[in-house]
Amino acid sequence: REATAFPTMALVEKRPRSPTGETQLVVKKSKTDLALAGIQRTSALTAPIMSLSGHGGEVLTFRFDPSGKFCASGSHDKDIFLWEVFGDCKNYGVLRGHKQAVLQLQWSPDSENIWSCSADKTVMLWDAETGKRVKKLVGHSSFVNGVCTTRKGQTLAASGGDDGMIKVWDPRVRGAVSNLTDTYQVTSVEFADDGDRVFSGGLDNEIKIWDLRKDDVALSMLGHTDTITGLRLSPDGSMLLSNSMDNTVRIWDTRPFVEGSRCKLVMGGHMHNFEKNLLRCAWSPDASKVAAGSADKMVYVWNAEDGKILYKLPGHTACVNDVDIHPSQPIIGSASSDKKIFLGEIEGE
């Protein structure tokens, strides 16, 4: 398990056609030369791009912890790896216990715990400091595709699976505290900041807002025309980001009273393909940008105001399944079916 810096990677840039008609390839100066030439670095990463390798299978899920010092990745190899973000990106821990692919993970708001869900039908809660499993939560009858946790208030988690169930878990209680039944497979879940609502997406192309006080759907948001693969709540809790197999990423207004359409922005450019992986999405901490994985091996970053593509980041050699944006620095983490994780810096604000 190692992290590789690319300090001397030559960047090849296509220039406009020359008068003779051929496209010239110009090799730019390497990153170290750029640094020596006074080009500003924007983050504290050891190099502008760090490659984290060690997983034995497709990397399906990735998250920075809330402190920004650590990150975690989950893979088809059943393992969760813990990494340092800075320095040599040391792989300082492995969480073992799932019996099949780890499909999603999330840190607790205090960085002390990690929630994970798996194709082995379980949700697990881990102590991120000791690497020990704290809880194994059983109840789903099929793959558990998504897990999320509350960001404030009482600690709860929600999970959604191919059994069409959304389960809410309280780590202090045995068994689920709420069982919500959907008609179709659930691929992604996200908690509202009030702790009373859960958002879900799945095979019926709808985003549902569940009221936990009534254990029923309070609202459905329509617009996507294919399976929803990822949901992410905005930093202030008012907007929801969704990624779908219809090859759009959308921003929705989830506040209680909204005039007009709840769909505020539709973005495109990225792609899903026949592999039908659950491609996730992410917000920047200031909510000015959103990012998503893509089957064309690129990481896409959009302006969250106007929907324009800001970056299309290359490097991976297979589908990019998950992305996350660092909580305090302009760093994007991406996890791919090429078994690698990249940490790459983008321009600062």
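**Considerations on the environment of C263**
Stage number 1. Along the chain, C263 falls in strand β24 (residues 263–268).
Stage number 2. Residues C263 and G223 lie 40 residues apart in sequence; the distance between their C-alpha atoms is 7.6 Å.
Stage number 3. When residues no more than four places from it in sequence are discounted, the contact partners of C263 are R250, I251 and W252.

**Focus on the sheet that holds strand β20 (residues 216–221)**
Stage number 1. Ordered by their spatial adjacency, four strands build an open sheet running β17-β18-β19-β20, and the pairing between neighbours is antiparallel. Every other strand in the sheet has two partners, leaving β17 (186–191) and β20 as the edge strands with one partner each. Averaged over all pairs of adjacent strands, the angle between their axes in this sheet comes to 25°, without regard to strand direction.

**Focus on the sheet that holds strand β28 (residues 309–313)**
Stage number 1. As summarised here, the arrangement of the four strands in space is β25-β26-β27-β28, forming an open sheet in which the pairing is antiparallel. At either end of the open sheet lies a strand with only one pairing partner, and these are β25 (281–283) and β28. Averaged over neighbouring strand pairs, the angle between their axes works out to 15° when direction is ignored.
Stage number 2. Summarising the sheet, strand β27 (residues 299–303) and β28 pair through four bridges and their orientation is antiparallel. By the bridge assignment for β28, W302 is matched with I309.

**A closer look at the layout of surface pockets**
Stage number 1. In this structure, the second largest pocket spans a volume of roughly 590 Å³.
Stage number 2. Every residue lining the second largest pocket is counted, 25 residues in all, and those nearest its centre are R63, P66, Q106, R151 and R232.
Stage number 3. Looking at the lining of the second largest pocket, the elements that each hand over two or more residues are β5 (59–64), β9 (102–107), β17, β21 (228–233) and β29 (320–325).
Stage number 4. Along the lines of polarity and charge, the residues of the lining of the second largest pocket split into 11 nonpolar, six polar and eight charged.

**Things to note about the pairing of strand β26 (residues 289–292)**
On any regular strand, side chains alternate: one points to one face of the sheet, the next to the other face.
Stage number 1. Every second residue of β26 is oriented toward a common face, with K289 and A291 on one face and V290 and A292 on the other, all of them buried.
Stage number 2. Across three bridges, β25 lies against β26 in antiparallel orientation. Bridge pairing links A282 to A291 in β26.
Stage number 3. If you look at the hairpin formed by β25 and β26, you'll find five residues sitting between the two strands, and A287 has a positive phi there, around 65°.
Stage number 4. Bridge analysis of β26 against β27 gives four bridges, and the strand direction is antiparallel. Residue pairing in the sheet places A292 in a bridge with Y300 of β27.
Stage number 5. Hairpin connection between β26 and β27: a loop of six residues separates the two successive antiparallel strands, and K297 in this loop has a positive phi of roughly 75°.

**Some words on the environment of G139**
Stage number 1. The topology assignment puts G139 in the loop between β12 (133–138) and β13 (144–149).
Stage number 2. Along the backbone, G139 and A176 are 37 residues apart, and their C-alpha atoms lie at a distance of 7.5 Å.
Stage number 3. Discounting residues that sit within four places of it in the chain, G139 has contacts with K167 and W169.

**Concerning the pattern of salt bridges**
Stage number 1. Going through the model one piece at a time under the given rule, you end up with 14 salt bridges.
Stage number 2. A salt bridge links R197 to D194; the nearest nitrogen and oxygen atoms lie 2.9 Å apart.
Stage number 3. Judged by relative accessible area, R197 falls into the buried class, the value being 17%.
Stage number 4. Judged by relative accessible area, D194 falls into the partly exposed class, the value being 42%.

**Section: empty space enclosed by the protein**
Stage number 1. Enumeration over the complete set of coordinates arrives at two cavities of 30 Å³ or more.
Stage number 2. If you add up the space inside the largest cavity, you get close to 50 Å³.
Stage number 3. Forming the walls of the largest cavity are R63, Q104, L231, R232, R280, C281, D322 and V323.
Stage number 4. Mapped onto the lining of the largest cavity, the elements with two or more residues apiece are β21 and β29.
Stage number 5. A per-class count over the lining of the largest cavity returns three nonpolar, one polar and four charged.
Stage number 6. Space inside the second largest cavity adds up to approximately 30 Å³.
Stage number 7. In terms of lining, the second largest cavity is formed by M245, H272, N273, K276, N277, L279, A295 and C319.
Stage number 8. When grouped by side-chain class, the residues that make up the lining of the second largest cavity number four nonpolar, three polar and one charged.

**Observations concerning unusual backbone geometry**
Stage number 1. Despite not being glycine, C89 shows a phi value in the positive range, around 55°.
Stage number 2. Along the chain, the position of C89 falls in the loop between β7 (80–84) and β8 (91–95).
Stage number 3. Among the residues examined, C89 registers a relative accessible area of 1% and is labelled buried.
Stage number 4. You will see that S111, though not glycine, has its phi angle at about 65°, which is positive.
Stage number 5. A residue is classified by how much of its surface remains accessible, and S111, at 15% relative accessible area, is buried.

Rules used throughout
- Residues numbered from 1 in each chain as written.
- Predicted model: local features only at pLDDT ≥ 70, side-chain atom pairs only at ≥ 80, totals over all residues.
- Heavy atoms only, no water.
- Helix = DSSP H or I, 4+ residues; strand = E, 2+ residues; numbered from the N terminus.
- Contact = heavy atoms within 4.5 Å.
- Pairing = 2+ DSSP bridges.
- Axes fitted to C-alpha atoms, helices over the stretch in contact; angles between N-to-C directions.
- 1 Å grid on protein atoms, 1.4 Å probe; cavity = no way out; pocket = protein on both sides within 12 Å on 5 of 7 lines; lining within 4 Å.
- Points joined across faces, edges and corners; volume = space filled by probe spheres on them.
- Nonpolar A, V, L, I, M, F, W, Y, C, P; charged D, E, K, R; others polar.
- Buried < 20%, exposed > 50% of the residue type's maximum accessible area, 1.4 Å probe, protein only.
- Salt bridge = Lys/Arg side-chain N within 4 Å of Asp/Glu carboxyl O.

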